[in-house]
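Listed below are the residues making up each chain.
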Amino acid sequence: MAAPQTLFEKVWRHHEVVAETADTPAVLYIDLHLIHEVTSPQAFTVLRQRGLGLRRPERTFATMDHSTPTRTEQVFGDAPITLEDAARQVSELERNCAAFGVELLGLRDARRGIVHIIGPELGLTQPGKTVVCGDSHTSTHGALGALAFGIGTTEVGHVFATQCLLQRKPRTLAINVNGALQPGVTAKDLILAIIGRIGVGGGTGHVIEYRGETIRALDMDARMTVCNMSIEAGARAGMIAPDETTFRYLAGRPRAPQSEAWAAALERWQQLPGDPGARFDREVDIDAAALEPMMTFGTNPGMVIPIGGTIPERTGDPAFAKSLAYMGFAPGERIQEHPVNVVFVGSCTNGRLSDLRAAASLLRGRKIASGVHMLVVPGSQQVKRDAEAEGLDRIFIDAGAEWRESGCSMCLGMNGDLVPKGHYAVSTSNRNFEGRQGIGARTLLASPLTAAACAVRGRVTDPRELL
Amino acid sequence: MEPIRTLRSRTVVLPVSDVDTDQIIPARFLTTTTREGLGKHLFADWRYAPDGSARPDFVLNQPQAAGCTVLVAGRNFGCGSSREHAPWALTDFGLRAVISTQFADIFRSNALKNGLLPVLLEQDAHRWLLEHPGADVTIDLESTTLTLPTGAAVHFPLEPFARYCLTNGVDELGFLLGRAAQIDSYESQRSRP
Ligand code: SF4
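These numbers were taken from a predicted model, which means no experiment stands behind them.

Cut-off values and rules
- Residues numbered from 1 in each chain as written.
- Chains lettered and ligands numbered in written order.
- Predicted model: local features only at pLDDT ≥ 70, side-chain atom pairs only at ≥ 80, totals over all residues.
- Heavy atoms only, no water.
- Helix = DSSP H or I, 4+ residues; strand = E, 2+ residues; numbered from the N terminus.
- Buried < 20%, exposed > 50% of the residue type's maximum accessible area, 1.4 Å probe, protein only.
- Contact = heavy atoms within 4.5 Å.
- Areas by Shrake-Rupley, 256 points an atom, 1.4 Å probe, with all protein chains shown as cover.
- Rg over C-alpha atoms; globule rule 2.2 N^0.38 Å.
- Lys, Arg positive; Asp, Glu negative; His and termini not counted.
- Charge placed at Lys NZ, Arg CZ, Asp CG, Glu CD.
- Pairing = 2+ DSSP bridges.
- Axes fitted to C-alpha atoms, helices over the stretch in contact; angles between N-to-C directions.
- Salt bridge = Lys/Arg side-chain N within 4 Å of Asp/Glu carboxyl O.
- Near = heavy atom within 4 Å.
- Nonpolar A, V, L, I, M, F, W, Y, C, P; charged D, E, K, R; others polar.
- Domains from an automatic or database assignment.
- Buried area = accessible area lost by both parts, 1.4 Å probe.
- Polar contact = N/O pair within 3.5 Å; in protein donor to acceptor, adjacent residues only side chain to side chain.
- Core = buried A, V, L, I, M, F, W, Y, C linked by side-chain atoms within 4.5 Å.

### As for the overall build of chain B
- In terms of helices and strands, chain B carries eight helices and nine strands.
- For the C-alpha atoms alone, the extent of chain B along its principal axes is close to 60 × 45 × 25 Å.
- Classification of the 193 residues of chain B by burial places 58% in the buried group.
- In chain B, the share of contacts with a sequence separation of at least 24, taken over all contacts with a separation of at least 6, comes to 63%.
- Of the roughly 7,700 Å² of accessible surface on chain B, 51% is carried by carbon and sulfur atoms.

See the structure below:
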């Protein structure tokens, strides 16, 4: 009998066109290639220079999200895109997709959104597929049991021309999560705690599989939040074995298999979970019941503490000191009650419907504190419509927040949605790097519940106080 | 791609750990649609004051950095985004190798595809280099060793295929296109979507 295999090994094996040897990496087949306006132009240029086309144009799918405007008048009205370079990128993507026969969800398309939100939402992302995109948060798609990872622009060109990548097989890391999350503690808090535990380089060279009863109990939106931030621990990808929750989520989505093809797909997908006894290179156990709402205090996602905790001391670590100086914090200080200037709810980490519901649940009937600028940016136009159908937009607007069109927005500030210098921003996104949300911006990463609580009080607030 | 066999240079030392891709090249410079010209934005937020003038205390602005092709950074270099603009900015600035004790996976892969060598050193040699800015080093790809001015030669790991591509100037796309027959047969045999 064949040796027991993990989920990752099964997906990897199915896609080996040529297995790796000591001298050469594997040639790995890619089922789904997602592209956006920022990391694709130079790859199209290479195709033109070498006189190549796309080997399988039907396996590549384009959207625009990173540098697109989120103001309705700029998306649907006649107002020009503020940033000239961003406008050029958007029009270049349109031209490239037309020239090379790639399906594009353009700026005004009802299905457009952040690339990692729309892949699953449209049913393009499926269990057992290999999914790549010129974006590190491609790890999000692993929540459906796909092997999904970010690639550079040169590799985008490789997939265009050959539908394959040269890859060394990564190692495997199991993160076993057991115990029930306490009220007010969410998937975002869980993944922040995991990164705090293993460190920002802790997953380097590995594919993480999240397992255990806590993971099984999460809905798909929450699973995507967890897998999304795998890259913040340095991991190549994050995966969760597909189960009934996955299948229910996918059933009936426009690009998911339909009728007879669905039954056949389901049969294949049910074979994907790891075999009993399959070995991982490393394992880490997490007790979910002990977790509290988490918030970052530094300039990488591993610099994180329970929201009521104190900032640790790390003597003899200049990088740590530099990071605290940037944030305006000192060791031994508490972050709770620290004034907050900006609150951002959105991104591929927490821009899905359940995230907006969570934030709205704390804002219903309340106002955000005066002086706080709160921006709520749905992850896709579909999320926006669904939220509006439930009246969530009214809750945000009545509370004093801004409600926008979908896009990456303030997660990386490429479209001009920026945090001003020196301001403290509680953000549901995934990176608190220096300058990520604007030059001199100070980012505090947290869950949508925590972000909403901070908006109401105008200070760093434990959401459990307002539940 | 030009083959690289050996690199000789003085080092420039940036003793910062966990240097992320947003530091190497901030997002506002990603609106370009070409790969050239990013060197002037390398480490922009550390290199320039808000008025655009060069900060004299930043190491790449100092006279001894001129002409150096080897950057020594703290541990864990290149974490964060998949933006290939990071190695493009480093090479456009004139760097050919980065030395650290850990590299983020996507950064390492992107760097190798652009003739930028990620040199993964063990802690002792790395510490020595951090403590001796401007040291003359020789990096040899055939033997995958870095030689310090003390004469000590330290081995560094380099995936054999990456070494083959770098030392022969082989481009991976050409290699993959050469596998077309296998890709054809894979596609025709498989029933899955
Ligand atoms: S939302 Fe942020 S992390 Fe996600 S794809 Fe956009 S820029 Fe990247």
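### Describing the overall build of chain A
- Regarding its fold elements, chain A presents 17 helices and 19 strands.
- At 21 Å, chain A has a C-alpha radius of gyration in line with the 23 Å of a compact globule built from 467 residues.
- Residues classed as buried in chain A amount to 66% of the 467 residues present.
- A separation of at least 24 residues holds for 76% of the contacts in chain A among residues at least 6 apart in sequence.
- Side chains of chain A give 48 positive and 51 negative charges; the mean places of these two sets differ by 1 Å.

### A short note on the pairing of strand S7 (residues 136-140) of chain B
All names here are of chain B.
- Strand direction decides the pairing type here: strand S1 (residues 6-14) and S7, joined by five bridges, are antiparallel. Note on S7: the bridge partner recorded for Arg 8 is Thr 138.
- Strand direction decides the pairing type here: S7 and strand S8 (residues 145-147), joined by three bridges, are antiparallel. The residue bridging Asp 140 from the neighbouring strand is Thr 145, located in S8.
- Between the antiparallel neighbours S7 and S8 lie four residues, among them Thr 144 with a positive phi of about 45°.

### Side note on the sheet that holds strand S3 (residues 70-73) of chain B
Residue and element names in this part refer to chain B.
- Strand order across the open sheet formed by seven strands is S6-S5-S3-S1-S7-S8-S9, with mixed pairing between neighbours. Sheet topology places strand S6 (117-120) and strand S9 (153-155) at the edges, where each strand pairs with a single neighbour. Direction aside, the axes of adjacent strands within the sheet are offset by 30° on average.
- On the sheet, helix H5 (residues 123-131) packs against S1, S3, strand S5 (97-100), S7, S8 and S9 and is oriented at approximately 105° with respect to S3.

### Quick notes on the pattern of salt bridges
- Scanning all chains against the criterion turns up 41 salt bridges over all chains.
- With its nearest N and O atoms 3.3 Å apart, the salt bridge here joins Arg404(A) to Asp417(A). In this pair, Arg404(A) sits in the loop between strand S17 (402-403) and strand S18 (424-427) while Asp417(A) sits in the loop between S17 and S18, placing the two residues 13 residues apart along the sequence.
- You can call Arg404(A) buried: its relative accessible area is 4%.
- Between Glu172(B) and Lys113(B) there is a salt bridge; the shortest N-O distance is 3.5 Å. Separated by 59 residues along the polypeptide, Glu172(B) in helix H7 (residues 172-177) and Lys113(B) in the loop between helix H4 (105-112) and S6 bring together distant segments of the chain.

### A few points about the sheet that holds strand S1 (residues 16-18) of chain A
All names here are of chain A.
- Across the sheet, which stays open at both edges, the three strands sit in the order S1-S2-S8 with antiparallel pairing between neighbours. Of all strands in the sheet, those bounded by a partner on one side alone are S1 and strand S8 (164-167). Between one strand axis and the next, the sheet turns through 40° on average, direction left out of account.
- Sheet analysis places strand S2 (residues 26-29) next to S8, joined by four bridges and oriented antiparallel. By the bridge assignment for S8, Val 27 is matched with Leu 166.
- Packing against the sheet, helix H1 (residues 7-14) makes contact with S1, S2 and S8, and its axis sits at approximately 45° to S1.

### Some details on the site of the ligand
All names here are of chain A.
- Every residue close to the ligand is listed here: His 66, Ile 114, His 116, Asp 135, His 137, Ser 347, Cys 348, Cys 408, Cys 411, Leu 412, Asn 430 and Arg 436.
- Of the residues contributing to the shell around the ligand, the split by class is five nonpolar, five polar and two charged.
- The two domains that each donate at least three residues to the shell around the ligand are domain 1 (7-167) and domain 3 (293-465).

### What to know about the side chain of Thr144(B)
- Structurally, Thr144(B) is set in the loop between S7 and S8.
- When near neighbours in sequence (up to four residues on either side) are disregarded, Thr144(B) contacts Val154(B), His155(B), Phe156(B), Leu158(B) and Arg163(B).

### With respect to the environment of His126(B)
Residue and element names in this part refer to chain B.
- With respect to the helices and strands, His 126 occurs in helix H5.
- Using a relative accessible area of 6% as the deciding quantity, one classes His 126 as buried.
- Along the backbone, His 126 and Ser 100 are 26 residues apart, and their C-alpha atoms lie at a distance of 6.8 Å.
- With residues near it in sequence (within four places) discarded, His 126 still touches Val 72, Ala 73, Gly 74, Arg 75, Ile 99, Ser 100, Thr 101 and Leu 121.

### Considering helix H6 (residues 160-168) of chain B
- Along H6(B), the positions that sit buried rather than exposed are Phe161(B), Ala162(B), Cys165(B), Leu166(B) and Thr167(B).
- If you follow the buried residues of H6(B), they end up packed against S8 of chain A together with H4, S6 and H7 of chain B.
- Taken from the residues just after H6(B), Gly169(B) is the one with a positive phi, measuring 65°.

### A look at the environment of Val12(B)
Residues and elements named next belong to chain B.
- Here Val 12 is to be found in strand S1.
- Using a relative accessible area of 5% as the deciding quantity, one classes Val 12 as buried.
- The spatial distance from the C-alpha of Val 12 to the C-alpha of Val 154 is 19 Å, given a sequence separation of 142 residues.
- Apart from residues lying up to four places away in sequence, Val 12 is in contact with Val 59, Leu 60, Ala 65, Cys 68, Val 70, Leu 71, Val 72 and Leu 95.

### Focus: the domain arrangement of chain A
Residues and elements named next belong to chain A.
- What the domain assignment lists for chain A is domain 1 (7-167), domain 2 (171-241 + 266-289) and domain 3 (293-465).
- Taking only C-alpha atoms into account, the centre of domain 1 sits 24 Å from that of domain 2.
- Listed as interface residues are 22 residues of domain 1 and, on the opposing side, 23 residues of domain 2.
- Both faces considered, domain 1 and domain 2 share a buried interface measuring about 2,000 Å² in area, 63% of it formed by carbon and sulfur atoms.
- Of all residues in domain 1, Leu 7, Lys 10 and Ala 143 bury the most surface against domain 2, accounting for 32% of the area lost on that side.
- Counting across the interface, domain 1 meets domain 2 through one salt bridge.
- Our count for the contact surface shared by domain 1 and domain 2 stands at 12 residue pairs in polar contact (both at pLDDT 80 or more).

### Notes on the nonpolar core
- If you look at the biggest cluster of nonpolar residues, it comprises 88 residues, and the most contacted ones within it are Phe396(A), Phe43(B), Phe77(B), Leu90(B) and Phe107(B).
- Looking at which element gives the most residues to this core, the answer is helix H17 (residues 448-457) of chain A, with seven residues.
- Apart from the residues lying within four places of it in its own chain, the contact partners of Phe77(B) are Val19(B), Ile24(B), Phe43(B), Leu71(B), Leu90(B), Val98(B), Ser100(B), Gln102(B), Phe103(B), Ala104(B) and Phe107(B).
- Core analysis: the next-biggest nonpolar cluster, separate from the first, contains 78 residues, Ala26(A), Leu47(A), Ala193(A) and Ile240(A) among them.

### What about unusual backbone geometry?
Residue and element names in this part refer to chain A.
- The phi dihedral of Ser 259 falls on the positive side, at around 40°, and the residue is not glycine.
- The residue Ser 259 is located in helix H11 (residues 259-269) in this model.
- Since its relative accessible area comes to 65%, Ser 259 is described here as exposed.
- For Ser 347, which is not glycine, the phi torsion reads 85° and is therefore positive.
- Checked against the element boundaries, Ser 347 lands in helix H13 (residues 347-350).

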